[in-house]
Amino acid sequence: MRIEGTFLRSSIARRILALFVLCASIPALALAVLSLGQVRAVLTEQSQAQLRAASKVYALNVYERLLLAHQSLHQIALGLHEGRPPGSDVLQTLAHTYSSLSVVGPGIEPIPILGKAISWPQLSDSARAHLISGESVLVVERVIGAPPRVLLVHAVDANRPARFALAAELNPVGLWGDSDGFSEAIGLCVLADTGASLFCSKSESASDPADPTRTISDSARDSRADTGKEAMIVGQWQLFLKPKFFTPYWIVIATEPASAVMAPIDKFSRIFLQVTVLSLLMVALFSLSQIRRTMGPLEKLIDGIRRLAGADFSHRVAVTGNDEFGELAGAFNDMAARLGRQLDTLKVLSAIDQVILSRLDIEPVFGLVLTRVCELTPAGFVAIAALEASGTGQARMYTLAAGRGGSCQMRRTCVAVPLLERIARQPGGFWLEQLDGLPLDPPELAAAGDGAQVFVLPIRDRGSLCAFACLGLPRGARLADSVQPDLRDLCDRIGVALSAAARDEQLVYQVRHDDLTGLPNRLLFKERLLQEIASARRERRSLALLYIDLDRFKGINDSLGHTVGDELLEQTARRMRNCIRETDSLARLGGDEFAIILPNISGVRDVTTVAEHIVQALSDPFVVGQQESFISASVGIAICPTDASDGEDLLKQADTAMYRAKDGGRGQFVYFEERMNAEAVERLALERELRQALLRNEFVLQYQPQLDLRTGRICGAEALLRWNHPIRGLIAPGVFIGVAEDTGLIEEIGRRVMLEACAQHAAWRSAGAQPPRIAVNVSGRQFRRGDLVRMVEDALRQSGTSASALEIEVTESLFMDESANAVAVLSQLRQMGAQVAIDDFGTGYSSMSYLKRLPVDVLKIDQSFIADMADNYDARAIAKAIINLAHTLNKSVVAEGVETAEQLVLLKRWRCNRIQGYYLSRPLTSDQFLELLHQRQQEAEQSGAATVQFEPQVP
């Protein structure tokens, strides 16, 4: 309803409006100022945490590269000591690691092996003693006008390190890398312990006298630094190098412009301003509404008179109250109703004819007819049953209850065949006293009242019964003679509408579908494609389009005939239907070309799976014409919105990719976007290499020690899987475990891990050590296979190891997927003597109601809580709560990822049972772990005490 500005002519109205707006604007402005300040503080704190994490990741990556450089230098030194200088192929591979490599010594001319000669660096007595231990010394040399040089010195002969040594200048590209894929907005710098800038990812940071790294080195506590150009958010991580490289430490600093961090505030400000303006507008609207309720009845009456003059008889003046305006509005409404009823019948018939002639959808016809019948008769309800063409009594029942308003309701029902025969025999209609045979719901019968009777009127189309109408009237009521012709005319309109709709529906189906396969044709496919693209854009999701062309189909069609070709196309359509979901759309575009729409995809993996199934399904032989025929399919794939955002462009891109598949050898699928294609190819290559790795036995285990905080002894070890790739070196499980899970290779990998872990425990015992319990992770697929207990028994029997030497680690999600089976299997393992641990506890879906019933001995706190424990109150509270919960349930608790002394102090204070992490030791090979066990055992025997002082192995 419009609100005219004439209301504001009153001084009272203007004062009320001004007061409302003023009362709303003052709190809104105050809220805006407080909210912006709070959002700015939250963004700054989040950015600092992210930058600290980025500097830590980059520091650990640099440390790994230093270790690799040290190992390579150690191998060269061993070769030189044994008279085997490195060959040209070795030097070529080391060019990425070293810029220069020379044999140096005090008082001798340096002998270059790679690059330029390097002079003997000045080393202290302590540094030379470090060389005697077989380690390398890291030296930073300042160079005027250039970045400092990073040298790595290693003795050729550890017994005489002062005689000859290897000095290598580390290649900055290989050492500092490419910032390890961090955001371009993040700058990374590395400082030596002396404050010298070793590396900055952004060149302008190194040359600018207001370098943000200098600001941080002067005041490490500041989280923001001003470089002279713009404010920066700063995070740093200190990389300890003393034990390994005799250099105290390096500082890795990550910076990000404050403007980038605070960018969301601008959007927040705009949104907040819009909300504020909207609030003020709503206040103004409510104010005007209140004024209108006081001063608007006269305007409503004037508007009603204007509508009546424009032949709008349905309009009613809504004026509440018992004053003169209310009486005048009632008289006006009565007059308009009398005039409107005289024209309604002609309008309804005209509207029905317009719907039949101009629309494919005849649903509005039923609403018009039902509404008019309710107006003409005293029926409590009116229903029309439109029969389906199948002839089984199935019907669509349209109902409308008198006096309830609204649109008619449609539901599907079934009409008894005897009743249909009776209706067909009485074209003039008849009365039903017993209503049990009619397909009416109780609400419809209740609308007619107690003791209702129903008048049934058949509706015919070309002599056949196609529908019938039901009018529910109170008992004793009859239809006036003047009303029956109108009812017959209205029912005849229903028959005409049903006949036209059936004819149009058949024509539309023929136009939009392929006659041979019954699939949507190009016309309907493009319409669905546009709809799916619009839906994907609205819901911000992706969809994939697969363009499929049959290879060698023309030869079969020409040699065996079009009849065989048509049968082959029908079989092809059926096979492709079996490869897709019900929500996917398959169409034949023409000839031997098909297309598929995959809506709501979660990633390239979903599309790749469908494409693989289609290529495989169409590569199997076809039995056509009593003989086998072979074809294949070339599939082109395009992704929306990555490759295109409209239907025509998406079809064009998929068609281009399909031709690339044909040019590449046919019988394959190709993505239009090279990155996705490379990802799919890489996944297939990784799966193939995983199978080869199983055949070549390339998987190895490393063992990360666990420390008992009460006794200070090594009390356990977690077996960690590594892939010793012949080209890429050691690969962490996060790269390949997901593919192994999807392909089922994880079952064989898990079996080999269990065998090797048990065999290694037996080998340590044979070497005279007292090995602790080994923790082995078990996948959910191994539980679903059903032979996990037998596999563990076989591994223990073959190695001669007791089950008490095993600790089975599972994740919390295992109990959510199949809790009953998992609990039974774990119970059997515990009865054998093995312990059971829940890994990454706190990140899954554990329920306290069943945790007390699970056959679990150990809870392992996820390292995400341990990492943030020192700085984050919530993480600290969660870690402490998990420890208390474990103790309450008489379970042991292990803290993963312990890396700092501060974390260790807190865990000791909370009586955590065990820890593992880099602060104790990095993952070790079997020999290194055996050496660690012997060392701890000797220390215990020498001290003769129950506890041993703990000293971390790696900083």
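Criteria and thresholds
- Residues numbered from 1 in each chain as written.
- Predicted model: local features only at pLDDT ≥ 70, side-chain atom pairs only at ≥ 80, totals over all residues.
- Heavy atoms only, no water.
- pLDDT = per-residue confidence, 0-100.
- Contact = heavy atoms within 4.5 Å.
- Core = buried A, V, L, I, M, F, W, Y, C linked by side-chain atoms within 4.5 Å.
- Buried < 20%, exposed > 50% of the residue type's maximum accessible area, 1.4 Å probe, protein only.
- Helix = DSSP H or I, 4+ residues; strand = E, 2+ residues; numbered from the N terminus.
- Disulfide = S-S within 2.5 Å.
- Salt bridge = Lys/Arg side-chain N within 4 Å of Asp/Glu carboxyl O.
- Pairing = 2+ DSSP bridges.
- Axes fitted to C-alpha atoms, helices over the stretch in contact; angles between N-to-C directions.
- Polar contact = N/O pair within 3.5 Å; in protein donor to acceptor, adjacent residues only side chain to side chain.

Let us look at the confidence of the model for the protein. In this model, the protein carries an average pLDDT of 80, and 85% of its residues clear a pLDDT of 70 or more. In the model, residues 204-222 has pLDDT below 50 throughout and makes 29 contacts with residues more than four positions away in sequence or in other chains.

What follows covers the nonpolar core. In terms of nonpolar packing, the biggest core is built from 78 residues, with Phe699, Met754, Phe783 and Leu907 touching the most fellow members. The biggest single contributor to this core is helix α23 (residues 745-766), with 8 residues. Beyond its immediate sequence surroundings of up to four residues, Leu907 is in contact with Leu709, Ile866, Met869, Ile883, Ala895, Val898, Cys912 and Ile915. Within the second largest apolar cluster, 45 residues are counted, among which are Ile76, Ala168, Val190 and Leu198.

Our focus in this paragraph is the state of the cysteines. Counted by the stated rule, this structure contains 1 disulfide. There is a disulfide in this structure between Cys189 and Cys200, and the S-S distance comes to 2.1 Å. The sign of the S-S torsion, about 115 degrees, decides the handedness of the disulfide formed by Cys189 and Cys200: right-handed. Placement of the pair is Cys189 in strand β6 (residues 187-192) and Cys200 in strand β7 (residues 197-200), with a sequence separation of 11 residues. In this structure Cys491 is not part of a disulfide, and its nearest cysteine sulfur, from Cys466, lies 9.9 Å away. The exposure class of Cys491 is buried, given its relative accessible area of 6%. Not part of a disulfide, Cys715 finds its nearest cysteine sulfur in Cys912, a span of 9.9 Å.

What follows is about the pattern of salt bridges. Any two side chains of opposite charge can pair if their charged atoms end up close together. Enumeration over the complete set of coordinates arrives at 30 salt bridges. Glu169 is the partner of Arg149 in a salt bridge, and the nearest nitrogen-oxygen pair spans 3.4 Å. In this pair, Arg149 sits in strand β4 (residues 146-155) while Glu169 sits in strand β5 (residues 165-170), placing the two residues 20 residues apart along the sequence. Of the residues examined, Arg149 reaches a relative accessible area of 23% and is grouped as partly exposed. With its nearest N and O atoms 3.1 Å apart, the salt bridge here joins Asp787 to Arg790. The exposure class assigned to Asp787 is buried, which follows from its relative accessible area of 19%. Classification of Arg790 as partly exposed rests on a relative accessible area of 46%. Salt bridges sharing partners connect three or more residues here, namely Glu718, Glu809, Lys860 and Glu896.

Right, let's get into the sheet that holds strand β3 (residues 137-143). Across a sheet, paired strands are connected by hydrogen bonds in the backbone, their directions being either parallel or antiparallel. The sheet built from 5 strands is open, its strands ordered β2-β1-β5-β4-β3 with antiparallel pairing. Among the strands making up the open sheet, the edge pair consists of β2 (111-114) and β3. Each neighbouring strand pair of the sheet contributes to a mean axis angle of 25 degrees, computed without reference to strand direction. Here β4 pairs with β5 via 5 bridges, running antiparallel.

Attention now goes to the sheet that holds strand β13 (residues 409-414). As summarised here, the arrangement of the 6 strands in space is β13-β12-β11-β16-β15-β14, forming an open sheet in which the pairing is antiparallel. Strands at the two margins of the open sheet, each flanked by one partner only, are β13 and β14 (430-432). For this sheet, the mean inter-axis angle between neighbouring strands, taken without regard to orientation, is 25 degrees. Examined bridge by bridge, strand β15 (residues 453-461) and strand β16 (residues 464-473) share 9 bridges and lie antiparallel to one another. By the bridge assignment, Ile459 is partnered in β16 with Ala467. Along the sheet, helix α12 (residues 363-376) makes contact with β11 (381-387), β12 (394-401) and β16, crossing β11 at roughly 150 degrees. Relative to β15, helix α15 (residues 484-512) is tilted by about 45 degrees, and along the sheet it contacts β11, β12, β15 and β16.

Mapped onto the secondary structure, Lys662 falls in helix α20 (residues 647-663). Of the polar contacts made by the side chain of Lys662, one reaches the side chain of Asp549; its length is 2.8 Å. Of note is the side chain of Lys662, whose polar atom sits 2.5 Å from the side chain of Asp551. Once residues lying within four places of it in the same chain are set aside, the contact partners of Lys662 are Asp549, Leu550, Asp551 and Ser634.

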